[in-house]
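Residue-level structure breakdown
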Amino acid sequence: MSTYQIDRIEQEELKLVGYSIRESLNSVLQSRIVGVLREQLAARGNELRNRNKEGIYLIQIYNQDGQWTHDTPYQHVVAFEVSAFEDIPDGMTSYTLPSGSYIRIIHEGAESEVGDTYDYINSTFGVRPIDIEYWNDIYSLNRQDARIDILIPAKP
C-alpha cells in the first residue's frame, strides 16, 4: 500500500446521481452498507442515460460542528457523475459537489487499507467538511494494485 499527494487541483462542479445514507463510520464498517450500495449502483448504471464516467464517487459530508467520532452519523453519497439531472431512477437521489480547490491524494492498495491513508490525511490536513473518493474500477478494490483518488478541500 502506498499513499501520496499528487497536486492541488481546481475541480469543476460535479452533478452526481446515486444513493445517500446517514450513518456513522462504525455502522458503515460493521454493515458494509457503502459496499452494498456501490454494487447496487453499478448494477443499475445503465439506467442513467446522462452518465459521464464508468467510475463511482463516494462523498462523505461531515457535521460542521467539528465533533466527529467513529459513532457520529454523517452523510455518505455513492453516485455516478452525470451531465444533467434528468430522469433520475426510482430510489436514487441527486447531489451537486460545488466547484473549488482540492488536494488530490492517491491511495494505491486494497480498499481495506484505506484507513492508513486517512490516518495520513487526518494528521497532515486535520478536520475537513468533506472527503471525496473516486473509484475508477470498483471490481479491483480488493487487489493490491487498486487505486482510489481522494479529494479534500484545499485551504486558501
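Before any of the text, the structure's been laid out above.
To keep things clear, this report deals only with the structure shown in the data block. Predicted, not measured: the structure shown is a model, and the values here were computed from it. Once a new chain begins, its residue numbering starts again from 1 and follows that chain's sequence as written. Two thresholds apply to this predicted model, a pLDDT of at least 70 for residue-level local features and 80 or more for giving and counting side-chain atom pairs, whereas whole-chain, interface and lining totals are computed over all residues. Working from all heavy atoms in the structure, the side-chain values ignore hydrogens and water.

Some words on the overall build of the chain
Looking only at helices and strands, one finds three helices and eight strands in the chain. Along the chain, helices and strands appear, N-terminal first, in the series β-β-α-α-β-β-β-β-α-β-β. For the chain, whose C-alpha radius of gyration is 15 Å, the value lies close to the compact-globule estimate of 15 Å for 156 residues. Overall size of the chain, expressed as C-alpha extent along the three principal axes, is 40 × 35 × 30 Å. Throughout, exposure labels follow a simple rule: accessible area from a 1.4 Å probe, protein chains only, divided by the maximum for the residue type, with under 20% read as buried, over 50% as exposed, and the rest as partly exposed. The buried share among the 156 residues of the chain stands at 46%. Residues are treated as being in contact if the distance between any of their heavy atoms lies within 4.5 Å. Nonlocal contacts in the chain, meaning residues at least 24 apart in sequence, comprise 79% of its contacts between residues at least 6 apart. A residue counts as positive if it is Lys or Arg and as negative if it is Asp or Glu; His and the chain ends are not included. Just so you know, the charge point we use is NZ for Lys, CZ for Arg, CG for Asp and CD for Glu. One finds the centroid of the 14 positive side-chain charges in the chain at a distance of 2 Å from the centroid of its 24 negative side-chain charges. The numbering of helices and of strands both runs from the N terminus, where a helix is a DSSP run of H or I of at least 4 residues and a strand a run of E of at least 2. Note that the radius of gyration is over C-alpha atoms, with the globule rule given as 2.2 Å times the number of residues to the power 0.38.

Points about the nonpolar core
Definition of nonpolar core: a set of buried residues of the types Ala, Val, Leu, Ile, Met, Phe, Trp, Tyr and Cys, connected through side-chain atoms within 4.5 Å. One finds Leu41, Ile56, Val78, Ile121, Trp135, Ile150 and Ile152 to be the most contacted residues of the largest nonpolar core, which totals 27 residues. If you list the elements that add at least two residues to this core, you get strand 2 (14-23), helix 2 (33-43), strand 3 (56-61), strand 4 (74-82), strand 6 (100-108), helix 3 (114-125) and strand 8 (147-153). The greatest single-element share of this core, amounting to four residues, is contributed by helix 3. Aside from chain neighbours lying at most four places away, what touches Ile150 is Ile103, Arg104, Ile105, His107, Val114, Thr117, Tyr118, Ile121, Ile132 and Glu133. Among the nonpolar cores identified, the runner-up in size contains 15 residues, and Tyr57, Ile59, Val77 and Ile132 belong to it.

Looking at the pattern of salt bridges
Put simply, a salt bridge is a Lys or Arg side-chain nitrogen that is within 4 Å of an Asp or Glu carboxyl oxygen. All told, the structure shown has 10 salt bridges when counted by the stated rule. Linking Arg104 and Asp7 is a salt bridge whose minimum nitrogen-to-oxygen distance equals 3.3 Å. Linking Arg104 in strand 6 with Asp7 in strand 1 (residues 2-11), this pair joins segments that are 97 residues apart in sequence. Judged by relative accessible area, Arg104 falls into the partly exposed class, the value being 23%. Since its relative accessible area comes to 27%, Asp7 is described here as partly exposed.

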